[in-house]
Amino acid sequence: MTNGRTQKTTTVPGKLRLLLIDDHPVLLYSLAMYLEQQNDFEVVGKLSHGDACVGANQQYSPHVVVMDLCMPGLNVHQRMQHLMADPVKPSILILTSDL
């Protein structure tokens with residue numbers, strides 16, 4: 001991982017492309033490992049900092065972004081604005097352990 005980003009360079013037709021964004025490495029890599037074992041998902045990128053989502057649509061072309069609610073860097077509203085700025089908008093699923 002460099003600059004908080006890892007990327008998978010190949011894509012698998014018919015699979016749902018996922019971009020994971022979380023600042024907790026154990027959760028980020030555990031979730032990625034679990035999802036990559038499922039037949040319907042392809043994890044195309046893992047970001048570990050909120051600021052890394054700038055330009056993420058162009059770089060990863062995800063169908064769905066799964067991201068942590070509370071992270072350093074951009075707040076959740078700013079991250080969503082960057083992700084939704086593209087003409088092709090991914091679905092966004094927000095996870096949190098903060099209640």
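Note that the structure is predicted; figures quoted are calculated from it, not measured. (Residues numbered from 1 in each chain as written. Predicted model: local features only at pLDDT ≥ 70, side-chain atom pairs only at ≥ 80, totals over all residues. Heavy atoms only, no water.)

Trainee: Which parts of the structure should I look at to understand empty space enclosed by the protein?
Mentor: Empty space among the atoms can be located by rolling a probe the size of a water molecule over them. For the coordinates displayed, the defined rule picks out one cavity of 30 Å³ or more. Of the voids in this model, the largest cavity is the one considered here, and its volume is about 50 Å³. Lining the largest cavity we find Leu20, Ile21, Asp22, Leu27, Leu28, Leu31, Val66, Met67, Asp68 and Leu95. Within the residue set of the lining of the largest cavity, elements represented by two or more residues are strand S2 (16-21), helix H1 (25-36) and strand S4 (64-68). (1 Å grid on protein atoms, 1.4 Å probe; cavity = no way out; pocket = protein on both sides within 12 Å on 5 of 7 lines; lining within 4 Å. Points joined across faces, edges and corners; volume = space filled by probe spheres on them. Helix = DSSP H or I, 4+ residues; strand = E, 2+ residues; numbered from the N terminus.)

Trainee: Could you clarify how one ought to interpret the side chain of aspartate 68 in this entry?
Mentor: Inspection of the secondary structure puts aspartate 68 in strand S4. It turns out aspartate 68 is buried and unbridged, and the closest side chain with the opposite charge, arginine 79, is 6.5 Å from it. In contact with aspartate 68, not counting residues within four places along its chain, are Ile21, Asp22, Asp23, His24, Arg79, Ile94, Leu95 and Thr96. (Buried < 20%, exposed > 50% of the residue type's maximum accessible area, 1.4 Å probe, protein only. Lys, Arg positive; Asp, Glu negative; His and termini not counted. Salt bridge = Lys/Arg side-chain N within 4 Å of Asp/Glu carboxyl O. Contact = heavy atoms within 4.5 Å.)

Trainee: Got a minute to help me understand helix H3 (residues 76-84) in this structure?
Mentor: In an α-helix, one turn spans 3.6 residues; hence positions three or four apart end up facing the same way. For H3, the complete set of buried residues consists of Val76, Arg79 and Leu83. Each buried residue of H3 sits inside an arc of 65° when the element is viewed along its axis, so together they form one side. Opposite the packed face of H3, turned more than 90 degrees from it, sit the exposed residues His77 and Gln81. Summarising the contacts, the buried residues of H3 are in contact with helix H2 (56-60), S4 and strand S5 (91-95). The N-terminus of H3 is capped by asparagine 75, whose side-chain oxygen sits 2.9 Å from the backbone nitrogen of histidine 77. (Arc of directions from axis to C-beta. Polar contact = N/O pair within 3.5 Å; in protein donor to acceptor, adjacent residues only side chain to side chain.)

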